[in-house]
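Structural description and commentary
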Amino acid sequence: QAQLVESGGGLVQAGDSLRLSCAASGRAVSSYAMAWFRQAPGKERDFVAGLTWSGGSTLYTDSVKGRFTISRDNIKNTVYLQMNSLQPVDTAVYYCAGKRSPYSSYYDTRSYAYWGQGTQVAVSS
């Protein structure tokens, strides 16, 4: 069992940066493949970035490539999402998620059994 708590969201201006944190308790984040999803009002919850179970590979949706970086600190048992050059289109609730299976899709919300409560990111122009 893993309990995930996101933090670090807020209201920023276009071009600013934020670092989201996902603190895990109960289990080590290294035991899971981790990902960040986001959901804007009235839209689907979409994949943003993922970190494989081994931590040796990262995945990003096209719209954030070159701007966002997912990382993990096993000692702190925390997953991060560094977000640079934020744009209004990035406005959403951001969720941290974890999955145990190395075989299911990283892009599908149904692959993830563990979710945080979400943290709001709002970017003004």
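Right above here is the structure, for reference.
Residues numbered from 1 in each chain as written. Predicted model: local features only at pLDDT ≥ 70, side-chain atom pairs only at ≥ 80, totals over all residues. Heavy atoms only, no water.

1. A look at the pattern of salt bridges
Under the counting rule described, the total for this entry stands at four salt bridges. Between Asp-62 and Lys-65 there is a salt bridge, and its shortest N-O distance comes to 3.0 Å. The partner of Asp-90 in a salt bridge is Arg-67, with the nearest N and O atoms 2.8 Å apart. Taken together, the positions of Asp-90 in the loop between β8 (78–83) and β9 (92–99) and Arg-67 in the loop between β6 (58–60) and β7 (68–73) put the pair 23 residues apart, joining distant regions of the chain. Each member of the pair Asp-90 and Arg-67 is classed as buried. One network of salt bridges, in which partners are shared, links Arg-38, Arg-67 and Asp-90. (Salt bridge = Lys/Arg side-chain N within 4 Å of Asp/Glu carboxyl O. Helix = DSSP H or I, 4+ residues; strand = E, 2+ residues; numbered from the N terminus. Buried < 20%, exposed > 50% of the residue type's maximum accessible area, 1.4 Å probe, protein only.)

2. Things to note about the side chain of Thr-119
With respect to the helices and strands, Thr-119 occurs in strand β11 (residues 119–124). Among the polar contacts made by the side chain of Thr-119, one reaches the main-chain amide nitrogen of Gly-9 at a distance of 3.2 Å. With near-sequence residues (within four places) excluded, Thr-119 lies in contact with Glu-6, Ser-7, Gly-8, Gly-9, Leu-20, Ala-92, Val-93 and Tyr-94. (Polar contact = N/O pair within 3.5 Å; in protein donor to acceptor, adjacent residues only side chain to side chain. Contact = heavy atoms within 4.5 Å.)

3. Some points on the sheet that holds strand β3 (residues 18–25)
Spatially, β1-β3-β8-β7 is the arrangement adopted by the four strands of the open sheet, whose pairing is antiparallel. A strand with exactly one partner marks an edge of an open sheet, and here the two such strands are β1 (3–7) and β7. Strand-to-strand twist of the sheet, defined as the mean angle between neighbouring strand axes without regard to direction, takes the value 15°. (Pairing = 2+ DSSP bridges. Axes fitted to C-alpha atoms, helices over the stretch in contact; angles between N-to-C directions.)

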